Amino acid sequence: MMTLQEIINSIESLPTEDREYLFEFLRKQRIENRRVEILANAQEVMQAFKDGTDHRGSVDDLIADLLGDDDGSCLEVLLDTNIIVSEFGF
């Protein structure tokens, strides 16, 4: 198996046209992989909705959930910090 540095060196030694083809190929692969990931996420969300196990709430609830904050205290700090940043132009 080649090391990452060996792969990089091999790519650098390719003619420009081949490198451009490789980069376009990799870009398309990333797009396709992302599409597959989005589809899997959408199917999971739809299944949760059908099963009734989806989570519903306000934006504040979502932010608190993402921050792992059950009582909302992190959200208050986040909002206070945002107000301070906005007021002082940071």
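Residues numbered from 1 in each chain as written. Predicted model: local features only at pLDDT ≥ 70, side-chain atom pairs only at ≥ 80, totals over all residues. Heavy atoms only, no water.

Some thoughts on the overall build of the chain
What counts, and what does not: A helix here means a DSSP run of H or I that spans at least four residues, while a strand means a run of E at least two residues long, and both kinds are numbered starting from the N terminus. Any residue under 20% of the maximum accessible area for its type is buried, any over 50% is exposed, and the rest in between are partly exposed; the area is computed with a 1.4 Å probe on protein chains only. Residue burial considers only the protein chains on display, and all accessible areas are found by Shrake-Rupley using a 1.4 Å probe.
When helices and strands are counted, the chain shows 4 helices and 0 strands. Along its sequence from the N terminus, the chain presents helices and strands in the succession α-α-α-α. Taken across its 90 residues, the chain has 6% of its residues classed as buried. For the chain, the accessible area works out to roughly 8300 Å², and carbon and sulfur atoms hold 59% of it.

Structural notes on helix α2 (residues 16-51)
What counts here: How far a helix is expected to stretch is found by multiplying one less than its residue total by 1.5 Å.
In this model α2 runs 52 Å from its N-terminal to its C-terminal C-alpha over 36 residues, within 8% of the 52 Å that 1.5 Å per residue would give. Phi turns positive, to about 80 degrees, at Gly52, one or two residues after α2.

Some thoughts on the pattern of salt bridges
To keep it simple, the criterion reads: Counted as salt bridges are all cases of a side-chain nitrogen of Lys or Arg within 4 Å of a carboxyl oxygen of Asp or Glu.
Going through the model one piece at a time under the given rule, you end up with 3 salt bridges. Between Arg35 and Glu32 there is a salt bridge, and its shortest N-O distance comes to 3.7 Å. Linking Arg35 with Glu32, this pair stays in helix α2, spanning 3 residues, or about one helical turn. Its relative accessible area of 39% is what places Glu32 among the partly exposed residues. For Arg34, the salt bridge is made with Glu37, and the minimal N-O distance between the two is 2.9 Å. Highlighted residues: Arg34 and Glu37, both in helix α2, separated by 3 residues, approximately one helical turn.

Considerations on the confidence of the model for the chain
Our working definition: Every residue is assigned a pLDDT by the predictor, reflecting its confidence on a scale from 0 to 100. Residue contacts follow a heavy-atom distance rule, with two residues in contact if any of their heavy atoms lie within 4.5 Å.
Here the chain shows a mean pLDDT of 81. Residues at 70 or above account for 76%. Element-level pLDDT for the chain is lowest in helix α4 (residues 73-88), with a mean of 52, against a maximum mean of 96 in helix α1 (residues 4-13). Low pLDDT, under 50, characterises residues 83-90; the stretch is placed with 2 contacts to residues that sit more than four places away or in other chains.

Topic: a nonpolar patch on the surface
Note the threshold: Only residues above 30% relative accessible area that lack a salt bridge enter a patch, with like-charged residues linked at up to 9 Å and the nonpolar side chains Val, Leu, Ile, Met, Phe, Trp and Tyr linked at up to 5 Å.
A cluster of nonpolar side chains, Met2, Leu4, Ile7 and Ile8, forms an exposed patch at the surface whose accessible area comes to about 360 Å². With respect to the secondary-structure elements, Ile8 resides in helix α1.

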